[in-house]
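Summary of structural features
The lines below spell out each chain.
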Amino acid sequence: MSQYAGMTQTETGAGVLCDLRSDTVTRPDDAMRQAMAAAEVGDDVYGEDPQVNQLEATLAERLGKEAGLFLPTGTQSNLTALLSHCGRGEEIITGRDYHVFKYEAAGASVLGGSALYPLEVQPGGGLDPAAIAAAVKPDDSHMPISRLLSLENTHNGQAISLEDMRAMTDAGRAAGLSLHLDGARFFNAITELGCSAPHLAVLFDTVSICLSKGLGAPAGSVLVGPSDLIARARRWRKMLGGGMRQSGVLAAAGLMALEQNVDRLAEDHARAATLADALRALGAGEVTQATNMVFFTPAEGQNAALQAHLAKAGVVIGAGDSGPIRLVLHKDVTDEGLNGAIAAFQTFFS
Ligand SMILES: *Cc1c(COP(=O)(O)O)cnc(C)c1O
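Rules used in this analysis
Residues numbered from 1 in each chain as written. Predicted model: local features only at pLDDT ≥ 70, side-chain atom pairs only at ≥ 80, totals over all residues. Heavy atoms only, no water. UniProt positions renumbered as here; feature names shortened; annotations may be inferred. Axes fitted to C-alpha atoms, helices over the stretch in contact; angles between N-to-C directions. Helix = DSSP H or I, 4+ residues; strand = E, 2+ residues; numbered from the N terminus. Left-handed = near helix turned anticlockwise from the far one by under 90°. Contact = heavy atoms within 4.5 Å. Domains from an automatic or database assignment. Buried area = accessible area lost by both parts, 1.4 Å probe. Salt bridge = Lys/Arg side-chain N within 4 Å of Asp/Glu carboxyl O. Polar contact = N/O pair within 3.5 Å; in protein donor to acceptor, adjacent residues only side chain to side chain. Nonpolar A, V, L, I, M, F, W, Y, C, P; charged D, E, K, R; others polar. Buried < 20%, exposed > 50% of the residue type's maximum accessible area, 1.4 Å probe, protein only. Core = buried A, V, L, I, M, F, W, Y, C linked by side-chain atoms within 4.5 Å.

With an unreviewed UniProt entry as reference, the protein chain is termed Threonine aldolase, source organism Phaeobacter gallaeciensis. Under the UniProt heading Sequence similarities (unreviewed entry), the entry covering the protein chain gives this text: "Belongs to the threonine aldolase family." Quoted verbatim from the Subunit (unreviewed entry) heading of the UniProt record, the comment on the protein chain is "Homotetramer."

Quick look at the structure:
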């Protein structure tokens, strides 16, 4: 089970004041639920769901791509992209700590017969362009065929600059690789970078975006890219069991998320900075912060006691036995919740 799982409302005893485990815990608000209830729907496998069609077209246009595909999860969106780019005996070059390598159960290898070749992730969240170039295999029957470079932005909350992204994608393009971006938190990245969506998306053939994290929809991801590749991806989605029929109730939530929850991501980043400052002021351990995430490393052996102390104040965190604790800000953490969390950290360390 995930280290972030298992702290439910009943276990904490108190009502949950703020849940800092992940931005996946966000819940649809009243306006979103109304949009879901009112959604006109059809059978999306027949291409007849107006909300799904609108969501796919909206995100494709917003990122400057030809077409989009709505999928139930980010994992299926990435998997569908990898399967569409890459076949048996071909290779995907990616990062050792990237989601597609570390947290997606090697789906592209299991289901597509592709090899995942992981490179060391640099402190800033990117890969070394020279290492990308060196990883590309020559045309030699001993070796897999290097086909795809799969990158991630944000990575652990870190927004990687356009300049650094371009250095990586240039290295991939020069070697003839196709390019995929796991942009689960794409809008956090461009909010931090201060660039438009196409500025980042143009570097890639395909981009996957999660609607169910900071954007606050209950489920769903969208893959955008060229029409021919998205047509192949649609076949993979069906094969993987991701053709969802009247999924317009979910797509309506996604459209609402794009409308009301993109511009406010900067608030989450600001609250993360406030939390990081407050934790630094405690002098109780190393603190790093980027976009909506804070990583706090208390002294060895304190994680469990800290988690239990915070839970009594209704502050839910996901602390493993040791090492950095990830604290994630999102739209359901209010200033009241944030202040309560800071106060609870202060009482633990005072
Ligand atoms: C959350 C996430 C995904 C997709 O996760 P799902 O839970 O399948 O939606 C993919 N990549 C990154 C970087 C993520 O954070």
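This paragraph deals with the packing of helix α3 (residues 50-63) against helix α12 (residues 248-260). Following both chains from N to C, one finds α3 and α12 inclined at 35 degrees, their axes separated by 8 Å at the closest point. α12 is crossed by α3, and the crossing has left-handed handedness. Facing Q51, V52, Q54, L55, T58, L59 and R62 of α3, the residues of α12 in contact are G248, A251, A252, G254, L255 and L258.

Parsing the protein chain into structural domains produces domain 1 (18-27 + 264-349) and domain 2 (30-260). Once you take the C-alpha centre of each, domain 1 and domain 2 turn out to be 28 Å apart. In this complex, domain 1 contributes 15 residues to the contact, which on the side of domain 2 involves 16 residues. When the two sides are added together, the surface that domain 1 and domain 2 hide from each other amounts to roughly 1,300 Å², 56% of it contributed by carbon and sulfur. When residues of domain 1 are sorted by the area they lose upon contact with domain 2, D23, L265 and T291 head the list and together hold 37% of the total. Taken together, the connections running from domain 1 to domain 2 amount to one salt bridge. As a salt-bridge pair, R185 and D23 come within 2.8 Å of each other at their nearest N and O atoms. Counting the contacts that link domain 1 with domain 2 gives four residue pairs in polar contact (both at pLDDT 80 or more). Counting only elements with at least two residues in the side of domain 1 that touches domain 2, the list comes to α13 (265-282) and β10 (293-298). Classifying every residue of the side of domain 1 that touches domain 2 by side-chain character gives five nonpolar, five polar and five charged.

The omega torsion across N153 and T154 is 5 degrees, close enough to zero to call that bond cis. Within the fold, T154 resides in the loop between β5 (145-152) and α8 (162-174). Positive phi, close to 55 degrees, is recorded for A105, a residue that is not glycine. The exposure class assigned to A105 is exposed, which follows from its relative accessible area of 69%. A positive phi angle is found at N156, which is not glycine, with a value near 50 degrees. Within the secondary structure, N156 sits in the loop between β5 and α8.

All right, on to the nonpolar core then. In this structure, L59, L63, F186, F187 and L200 are the most contacted members of the largest nonpolar core, which totals 52 residues. Sorting elements by how many residues they give to this core places α12 first, with six residues. Among all residues touching L200, those that are not within four sequence positions of it are N153, L162, M165, L181, F186, A189 and I190. Judged by nonpolar contacts, the second largest core, of 25 residues, contains L20, A272, L310 and I342.

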